[in-house]
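# Geometric and topological summary
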Amino acid sequence: MHSVHYELIKVCPTTGARLGRLHTPHGVFETPMFMPVGTQATVKTISPEELYDMESQIILANTYHLFLRPGHELVRTAGGLHKFMNYKRGMLTDSGGFQVFSLSAMRKIEEAGVTFRSHIDGSKRFLSPEIATEVQEALGADIAMAFDECIPYPADYEYAKTSTERTSRWARRCLEVHTGNNQSLFGIVQGGMYPDLRRLSAEKLSQMDFAGYGIGGLSVGEPKPLMYEVLAETTQHLPASKARYLMGVGTPDCMAEAVALGVDMFDCVFPTRVARNGTAMVPTGRLVVRNAVYTEDFRPIDESCTCYTCRNYSRAYIRHLFHCKETFALRLLSIHNLHFLLDFAKQMRLSIASDRFPAFKNDFMLNYRI
RNA sequence: GUGGCUGUGGUGAAGUGGUUAACACGGCGGAUUGUGGCUCCGUUACUCGUGGGUUCGAUCCCCACCAGUCACC
């Protein structure tokens, strides 16, 4: 038995939505769940106590960033990520594969691994399945991800095929060197936008003994209907007994559609990133609190929201803080957006539990714009 | 009071006797999906202190006035 394992509680009778629990060394967490992103060992502007208050469960940190700074050995010396950043609930580390491609100016990909330049100082670095796994063991999160290549969109079939096959070989190498007792490894399905490659990738990885499965390479610029199509093709070939984690997705509409297709976990920078740019997530879509219409609007961001921000501050005040570039503004909207998505995931869980997920999803989509 | 200098959008400022008056900031919109509090995109002066004059034509040349500023008194 893996240190992290998924317990399926029930499946929605009409969609593929799953209610479950993820058992980890740092607690048992309920799925479907949204995982806030804490790239550099902090969810930007938010303290662990505030995360507990908004019922955050697992949070994410980035291998790529922590590998470059402060270095995984330092985190190991600190006693691991949990102790280092003082977060007591679940943690997951991304493998660094995605960042090597999205952040690095130059990189060279070979069977052995990827050579790239640090976005911090330009120094030449190397990351491979073995190194990414070792680094993640040093970081010590409950869940580590296999080192993969996120295929860009669009990509031609030959490229996608070559890359996907390599990612599968890399996945096996990660599994072979992984030894963490209190850490489990998730494999990552790729395959680009090609159904047969997705199926192949899902089947290949399912044969390996991973604790769960990431679904990568989606939400990379493709139209949403295509993403749902490819996602459906992926989840149906994954074992029902393991958790499915759709990587990088985190707008409520996409999450609802993905849950209906059997996804259990999500992470996304969207809520915290747009928060720092003055956008609040609300049931009707987005509220750009920077906008001039809110200059004298003393209502909270969302009158039905129970978060700290909405209980205490007005749109006009937050708008004012944004225009003054006050950092409190970033915190207030980050708290609200995280609360919004965490609560949205909770509502999905409750609706699956009470057999009204399809209605919940429909009602939500009816009001949601963009 | 006398002499000098200056007067261009919210701000700092380019500019030329002749089609739609640079640029930066700000403002106003938008983008943002395995995180650079970054960034990117669009938009923002029927008009160059006011009134006259010269000229085919003036933001640009001339005069007066007004305003600001410096020096002297």
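Residues numbered from 1 in each chain as written. Chains lettered and ligands numbered in written order. Predicted model: local features only at pLDDT ≥ 70, side-chain atom pairs only at ≥ 80, totals over all residues. Heavy atoms only, no water.

## Here we look at the pairing of strand 11 (residues 184-189)
For strand 11, the tally of buried residues reaches 6 of 6 residues, placing the bulk of the element in the interior. Going residue by residue along strand 11, you find Ser184, Phe186 and Ile188 tucked away on one face and Leu185, Gly187 and Val189 tucked away on the opposite face as well. Relative to strand 11, strand 10 (residues 143-145) is paired through 3 bridges, and the arrangement is parallel. By the bridge assignment, Met145 is partnered in strand 11 with Phe186. Where strand 11 and strand 12 (residues 212-215) come together, 4 bridges link them in parallel fashion. Counted as the bridge partner of Phe186 is Gly212 from strand 12. Chirality of the crossover, the property in question, places the unit of strand 11, helix 8 (residues 195-206) and strand 12 among those that are right-handed. (Buried < 20%, exposed > 50% of the residue type's maximum accessible area, 1.4 Å probe, protein only. Helix = DSSP H or I, 4+ residues; strand = E, 2+ residues; numbered from the N terminus. Pairing = 2+ DSSP bridges. Right-handed = clockwise from strand over helix to strand, strands pointing away.)

## Focus on the protein's contact with RNA strand B
Taken together, 40 residues lie near RNA strand B, and Gln99, Val269, Thr272, Arg276 and Arg319 sit nearest. Per the 4 Å cut-off to the protein, sugar and phosphate atoms form 58% of the nearby atoms of RNA strand B. Ala292 is positioned with one of its backbone polar atoms (N or O) 2.5 Å from a phosphate oxygen of RNA strand B. A breakdown of the residues in the surface near RNA strand B according to their chemical character gives 13 nonpolar, 18 polar and 9 charged. (Near = heavy atom within 4 Å. Polar contact = N/O pair within 3.5 Å; in protein donor to acceptor, adjacent residues only side chain to side chain. Nonpolar A, V, L, I, M, F, W, Y, C, P; charged D, E, K, R; others polar.)

## Concerning the packing of aromatic side chains
A full pass over the atoms with the stated rule returns 11 aromatic pairs. Look at Tyr313 and Tyr317: their rings are 5.5 Å apart centre to centre, the planes differ by 20 degrees, and that puts the pair in the stacked class. With 4.6 Å between their ring centres and 50 degrees between their planes, Phe344 and Phe364 make a pair best called tilted. One end of the pair, Phe344, is in helix 14 (residues 327-353); the other, Phe364, is in helix 15 (residues 357-367), with 20 residues separating them in the sequence. Feature note: the residues Tyr308, Tyr313, Tyr317 and Phe328 constitute an aromatic cluster, connected by ring pairs. The positively charged end of Arg125 is found above the aromatic ring belonging to Phe67, 5.5 Å away from the centroid. (Phe/Tyr/Trp six-rings, centres within 6.5 Å; stacked < 30°, edge-to-face > 60°. Lys NZ or Arg CZ within 6 Å of the ring centre and 35° of its normal.)

Interpretation note: all reported values are geometric properties and have no functional meaning in isolation.
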